[in-house]
Amino acid sequence: MNRFKTSKFKNTTPKIAKKDGWINNLRAGSFSCQGNHIKASSKLVAFNTEQAGGGMLGLSSVKPGSDGQWTVTQISCHSDLVTDMDFSPFDESLLATCSGDETVKLWRLCDPELEQPSSPELTLRPAQGRLELVHFHPTSSGLLAVGTVKSPLIWDTSRQDAPLAVLEQHSDQLQSLSWKQDGSLLASSCKDKMLRVFDPRAQLTPVQSAKSLQNNKDSRILWAKDDFLLTTGFDMMRSREVRLWDSRKLSSSLNSVSLGTSSGMVIPLFDEDTGLLVLAGMGDKVVDCFEVSSSEPFLSQVSHCLTDISTRGVAMVPKLALDVMSCEVMRVLQLTDSCIVPISYQVPRKHSGQEFHEDLYPDTVGTTSAISAEEWWQGGNKQVQKVSLHPDKRPKLKVPPAKQMPAKKEVTSRGSKEDPAHGCSTSSSPLSTPSSSAVPSRSPSSTSGLSSGFLPSPSPSQSAKAIQSLLGPTSKFRHIQGAVMHRDTHITNMRGLNLTTPGECDGFCVNRQRVAVPLAISGGQIAIFERSQPGRLPDTSLPTIQNSVNVVDFSWDPFDARQLAVAGDDAKIRVWQVPEGGLKETLTEPELILQGHTEKIYSIKFHPLASGLLVSSSYDLTVRLWNLESGEQVKLLTGHQDQVFGMAWSPDGKLLATVCKDGKVRIYDPRKSTTPVQEGPGPEGPRGARIVWVCEGKYLLVSGFDSRSERGLYLYSADSLSSGAIASAQVDVSPSTLIPFYDPDTSVIILTGKGDTRVHIYEILPEEPYFIECSSFNSPEPHKGLAFLPKTECNVRDVEIAVGLMLTKTTIEPVAFRVPRVKKEFFQDDVYTDTAVWWEPILTASGWLSGINGQHKKISLKPKDMTPVSEAPKEAPVRKYLPSSVYLEEKTDEQKKEELLSAMVAKLGNMDDPLPQESFEGVDDDEWDD
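Residues numbered from 1 in each chain as written. Predicted model: local features only at pLDDT ≥ 70, side-chain atom pairs only at ≥ 80, totals over all residues. Heavy atoms only, no water.

S.K.: So what's going on with the overall build of the protein chain? Residues and values would help.
M.R.: Along the backbone of the protein chain there are six helices and 68 strands. Put simply, the protein chain has 930 residues, and 55% of those count as buried. The contacts in the protein chain between residues at least 6 apart in sequence include a share of 56% that link residues at least 24 apart. For the protein chain, the computed accessible surface area is about 39200 Å², with 48% contributed by carbon and sulfur atoms. (Helix = DSSP H or I, 4+ residues; strand = E, 2+ residues; numbered from the N terminus. Buried < 20%, exposed > 50% of the residue type's maximum accessible area, 1.4 Å probe, protein only. Contact = heavy atoms within 4.5 Å. Areas by Shrake-Rupley, 256 points an atom, 1.4 Å probe, with all protein chains shown as cover.)

S.K.: Would you mind going over the nonpolar core in detail, with residue names and values included?
M.R.: Of all hydrophobic cores here, the largest spans 28 residues; its most connected members are Val329, Met330, Tyr345 and Tyr361. Of all the elements in the fold, those that place two or more residues in this core are strand 23 (266–271), strand 24 (276–281), strand 25 (286–292), strand 26 (299–306), strand 27 (313–316), strand 28 (328–335) and strand 29 (340–346). If we ignore the near neighbours within four places in the chain, the residues touching Met330 are Asp271, Leu276, Val278, Cys289, Met316, Leu322, Ile343, Ser344 and Tyr345. Formed by 23 residues, the second largest nonpolar core is a distinct cluster that contains Leu786, Phe817, Tyr832 and Met866. (Core = buried A, V, L, I, M, F, W, Y, C linked by side-chain atoms within 4.5 Å.)

S.K.: So, the pattern of salt bridges: which residues are in play, and what are the values?
M.R.: Pairing is possible between side chains of opposite charge, provided their charged atoms come close. What the rule picks out here adds up to 38 salt bridges. Its salt-bridge partner being Glu241, residue Arg243 comes within 2.8 Å of it at the nearest N-O pair. This pair shows no difference in class: Arg243 is buried, exactly as Glu241 is. For Asp745, the salt bridge goes to Lys791, with nearest N and O atoms at 3.2 Å. Linking Asp745 in the loop between strand 58 (739–743) and strand 59 (748–752) with Lys791 in the loop between strand 63 (785–788) and strand 64 (800–807), this pair joins segments that are 46 residues apart in sequence. Using a relative accessible area of 17% as the deciding quantity, one classes Asp745 as buried. Residue Lys791 is classed as buried on the basis of its relative accessible area of 8%. Each member of the salt-bridge network shares a partner with another, and the members are Lys180, Asp227, Asp246 and Arg248. (Salt bridge = Lys/Arg side-chain N within 4 Å of Asp/Glu carboxyl O.)

S.K.: Report on the sheet that holds strand 55 (residues 699–705), specifying residues and quantitative values.
M.R.: Taken in spatial order, the four strands make up an open sheet running 54-55-56-57, and their pairing is antiparallel. The two strands at the open ends of the sheet, each matched to only one other strand, are strand 54 (690–694) and strand 57 (727–732). Ignoring strand direction, the axes of neighbouring strands in this sheet form an average angle of 20°. Judged from the five bridges that link them, strand 54 and strand 55 form a sheet pairing that is antiparallel. Within strand 55, the residue paired with Val694 across the bridge is Tyr699. (Pairing = 2+ DSSP bridges. Axes fitted to C-alpha atoms, helices over the stretch in contact; angles between N-to-C directions.)

S.K.: Provide a residue-level description of the packing of aromatic side chains, including the pertinent values.
M.R.: Tallying each qualifying case throughout the model produces 11 aromatic pairs. For the ring pair Phe777 and Phe817, a centre distance of 6.0 Å and an interplane angle of 80° mean the geometry is edge-to-face. Taken together, the residues span a long stretch of sequence, with Phe777 in strand 62 (residues 777–778) and Phe817 in strand 65 (residues 812–818) at a distance of 40 residues. The rings of Phe741, Phe777, Phe788 and Phe817 are connected pair by pair, giving a single aromatic cluster. When the ring centre of Phe234 is taken as origin, the NZ or CZ atom of Lys217, which lies over that ring, is 4.8 Å away. (Phe/Tyr/Trp six-rings, centres within 6.5 Å; stacked < 30°, edge-to-face > 60°. Lys NZ or Arg CZ within 6 Å of the ring centre and 35° of its normal.)

S.K.: Report on the UniProt feature "repeat: WD" (unreviewed entry) in the protein chain, specifying residues and quantitative values.
M.R.: Per the UniProt annotation, the sites labelled "repeat: WD" (unreviewed entry) are residues 75–109, 167–199, 594–636 and 637–669. Strand forms 66% of residues 75–109 and helix 0%; the C-alpha atoms that close the span are 9 Å apart. (UniProt positions renumbered as here; feature names shortened; annotations may be inferred.)

S.K.: I'd love a proper account of the environment of Lys698, names of residues and values included.
M.R.: Following the sequence through the fold, Lys698 ends up in the loop between strand 54 and strand 55. Remark: the alpha-carbon pair of Lys698 and Pro766, spanning 68 residues in sequence, is separated by 8.3 Å. Beyond its immediate sequence surroundings of up to four residues, Lys698 is in contact with Tyr716, Ser717 and Ala718.

S.K.: Give a detailed account of the pairing of strand 16 (residues 186–190), specifying residues and quantitative values.
M.R.: Within a regular strand, the side chains alternate between the two sheet faces. Buried residues dominate strand 16, accounting for five of its five residues. The side-chain alternation of strand 16 yields two buried faces, one formed by Leu186, Ser188 and Cys190 and the other by Ala187 and Ser189. One ladder, built from four bridges, connects strand 16 with strand 17 (residues 194–198); its direction is antiparallel. Each residue of the ladder has a partner; that of Ser189, found in strand 17, is Leu195. Taking the residues that link successive antiparallel strands as the turn, the strand 16-strand 17 hairpin has three residues, and the phi of Lys193 there is positive, at about 75°.

S.K.: Tell me about the side chain of Thr83, and name the residues and values.
M.R.: Along the chain, the position of Thr83 falls in strand 6 (residues 82–88). A distance of 2.6 Å separates a polar side-chain atom of Thr83 from the backbone oxygen of Leu131. (Polar contact = N/O pair within 3.5 Å; in protein donor to acceptor, adjacent residues only side chain to side chain.)

S.K.: Outline the sheet that holds strand 51 (residues 656–660), supporting the account with residue identities and numerical values.
M.R.: Here we have four strands laid out as an open sheet, ordered 50-51-52-53, and antiparallel in their pairing. Of all the strands in the sheet, the pair left with one neighbour each is strand 50 (644–649) and strand 53 (678–681). Across the sheet, the axes of successive neighbouring strands diverge by a mean angle of 15°, strand direction being ignored. Examined bridge by bridge, strand 52 (residues 664–668) and strand 53 share four bridges and lie antiparallel to one another. Across the sheet, Arg666 pairs through a bridge with Glu679, a residue of strand 53.

S.K.: Explain unusual backbone geometry residue by residue, including any values.
M.R.: In this structure, Pro769 follows Glu768 across a cis peptide bond, with omega equal to 10°. With respect to the element layout, Pro769 can be found in the loop between strand 60 (758–764) and strand 61 (771–773). For Ala127, which is not glycine, the phi dihedral falls at a positive 60°. Among the secondary structure elements, Ala127 is positioned in the loop between strand 9 (122–124) and strand 10 (131–136). The phi torsion at Val799 lies on the positive side, around 55°, for a residue other than glycine. Secondary-structure assignment places Val799 in the loop between strand 63 and strand 64. Residue Val799 is classed as buried on the basis of its relative accessible area of 0%.

S.K.: Outline the side chain of Thr492, supporting the account with residue identities and numerical values.
M.R.: Assignment of secondary structure puts Thr492 in strand 35 (residues 491–492). Residues within four places of Thr492 in sequence aside, it is in contact with Arg487, Gly535, Arg536, Leu537, Thr810 and Thr811.

S.K.: Kindly report on the confidence of the model for the protein chain, identifying the contributing residues and their values.
M.R.: For the protein chain, per-residue confidence averages 83 on the pLDDT scale, and 85% of positions sit at 70 or higher. Low pLDDT (under 50) marks residues 396–423, which in the prediction has 85 contacts with non-local residues, meaning those over four places away or in another chain. Note on residues 916–925: pLDDT under 50 across the span, and 15 contacts to partners over four residues away in sequence or across chains. (pLDDT = per-residue confidence, 0-100.)

S.K.: Go over the environment of Gln378 with me, naming the residues and quoting the values.
M.R.: Position of Gln378 relative to the elements: it lies in the loop between helix 1 (373–377) and strand 32 (386–387). A relative accessible area of 63% means that Gln378 is categorised as exposed. In this structure, the C-alpha to C-alpha distance between Gln378 and Arg201, residues 177 residues apart in sequence, is 7.9 Å.

S.K.: How would you explain the environment of Asp560 if you had to name every residue and give the values?
M.R.: Positionally, Asp560 belongs in strand 42 (residues 560–568). Classification of Asp560 as partly exposed rests on a relative accessible area of 24%. Separated by 52 residues in sequence, Asp560 and Gly612 have C-alpha atoms that sit 9.6 Å apart.

S.K.: Please provide a residue-by-residue account of the state of the cysteines, values included.
M.R.: Going through the model one piece at a time under the given rule, you end up with zero disulfides. Unpaired in this structure, Cys289 has its nearest cysteine sulfur neighbour in Cys305, at a distance of 9.8 Å. (Disulfide = S-S within 2.5 Å.)

This is how it looks when you write it as structure tokens:
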């Protein structure tokens, strides 16, 4: 029998609190340490801040005060970075901290409205260098596990002179520790790739150990239940993963799940009562939830939650603080740069908010310790008594005797008022709440979800407007789906590819007819593949374009599918003409060579409206315009002080935007001035950037890095660059620059980096919130580039809004991005506006240089045999399924059997039914699970 109760929780749904339920006005720190950045008791939440070099902690309450607002204060803890923290499971106000200053301190904290203690209750000085980890024992009061750089220590806080035990020193940095729930064993993970399990009372060496981890980077270990261990880390390909182990046999894992490529460590949180595992990557905007079972498949995904802001840390709120009347089975607090975001996990149930669903809430671990540290050390193994979560069965709140004067001044979120009735709690009662720790109050579970910063679970009868208000702005593209097309369309068996092109290069380039891919062969060779001839390439060598020098960037002429411009590291641009039907023999002589730059070229771009006009940037810090008709340089733009990361023409072809390593974004009007007409601050990070015009050319979008090397998006008004970015969105942590593709018809931008597995998708708005994140696409292996085809390549019958070609180590695979729709027999005219015919020129180079402007004509993508969905006949509402009496009256047994079977099949397998998000409608009361 399965030891984990999976069936009840497989439909658990994450709900991000509305913004007025966030704890705001924070300045969270971003530091390199092995411990937690945020921890929560049932009453308080503590987190790292950037003040005092990380020696200060921020402090707030888990729930708002009686006025519905939060207070955020700070406490000076250490003279160096606070590397880890942990609340006592038996005292909601007792916090242990450790630091780079080589001390462990225990703090008796007050409510955030009050002045915090200036000195700790206890200080431990192991004298073993920097301390990285601290964990309270799960059953014994006053017992700590402390992690030095290489050794775990077991410490009885009543004996300050020396630890009870110094466990065997690890051969490399200790990365994480975890107590088993019964307190008998301690597990560790280490940079030496070893997993170890200690029985500290029996021996100082491990009772189990194995070199099981595949990568030495940022591993975390956690006891799941019984004898199972969970680890997060990286595999040999540096992809993040989670693994489940039997602690009695660490040589091989029971199961593993890949979590994609990103450089941020994965933080695991496990709830023993439900078997739910939460995984959040540092720097990511995704929180995943899995269900853990003791039999195959062991790990099954429950939810994939997209957050608005990148993660700095996550903490789980204790069970006794949950809103059980709303079927909340778990609550996670996401720490970001400027706020703490509650995420509530709720099980959809009928009568939620009215009844206590006892089957969801087994008795949980209480808050009274089972044994003293000395008794545990002598071999005692008592377990903590469990308590009921039923609102009527909880113990009464103890009134703490202590009183404190209000603090002089606190940093508050939304103007919180001070309340002198709040005091420093000395009670270990789990029912103390931030709204009142001096007088008894209602259980947090007996109030509505609003008291914890969440709206109550929406009832089936709520209107679409109310649900949309809860979810915030939505996008018709939010549920976009990326899918690799059939293998028959792939080009395979590609060999000898150059996968290390410069950061300013997209890696390869495509047009409607062919694909150009650089080869890792001397002489700067480029292979040309015809899209009309997919399949396996022969093992023999193929004809190529030989540039004689290393290729740094290349681009197809948008108006001539046979013309390819190639920039080399010899500061020259070679223009090649591919024969009709593709390469039959190797080309060695270009049609044209452009010379003028004095140093290696960064990148090249064709003009979007004028034929034969090309722009290039170079290490000589100049940007030059070339007329291919005359083969001459026609403009030289100056003003850059460092490397030019990216260039982009405006949609009307009048302006050129650049983003530079000198931290500036510039706009040029090349026909009027050789210097920028506008200039403003760009991304802080020096690692690379790209730029693209969006929202009908009124805005500029830059993908780049911030000062912490996190990838982000920055939106600028094209009319006021000097004002800086009007909006930004942090994406994730990864070394490669995000390469953007913008579809002006839908205002959807698709981004990915070379070597990534994830493709990020956003809808860009010209007003708040500016960025709406849509579903992402994950490739099965790291891709080396993603380039897109003209809009006419989209199959409108499948509601494709973009089709790209994905380059891997050996293949080119088409990827279609589709919008889920119900009535696919109709042309989705709300998705497909008239599209620009950008593959036909409007001007010549000489015409544009003389001052002539123009714009592309537009065409409709609607096939002649399709009716627009806006003109579809309105269907009268009908009952989807007839009452059973219809089937049972005056029919033969065979008819009844056949019709009932057909109805069941239709109900279970109708793939044309509308998605719930299409209509934002609830379900009938009688369709909810009991």
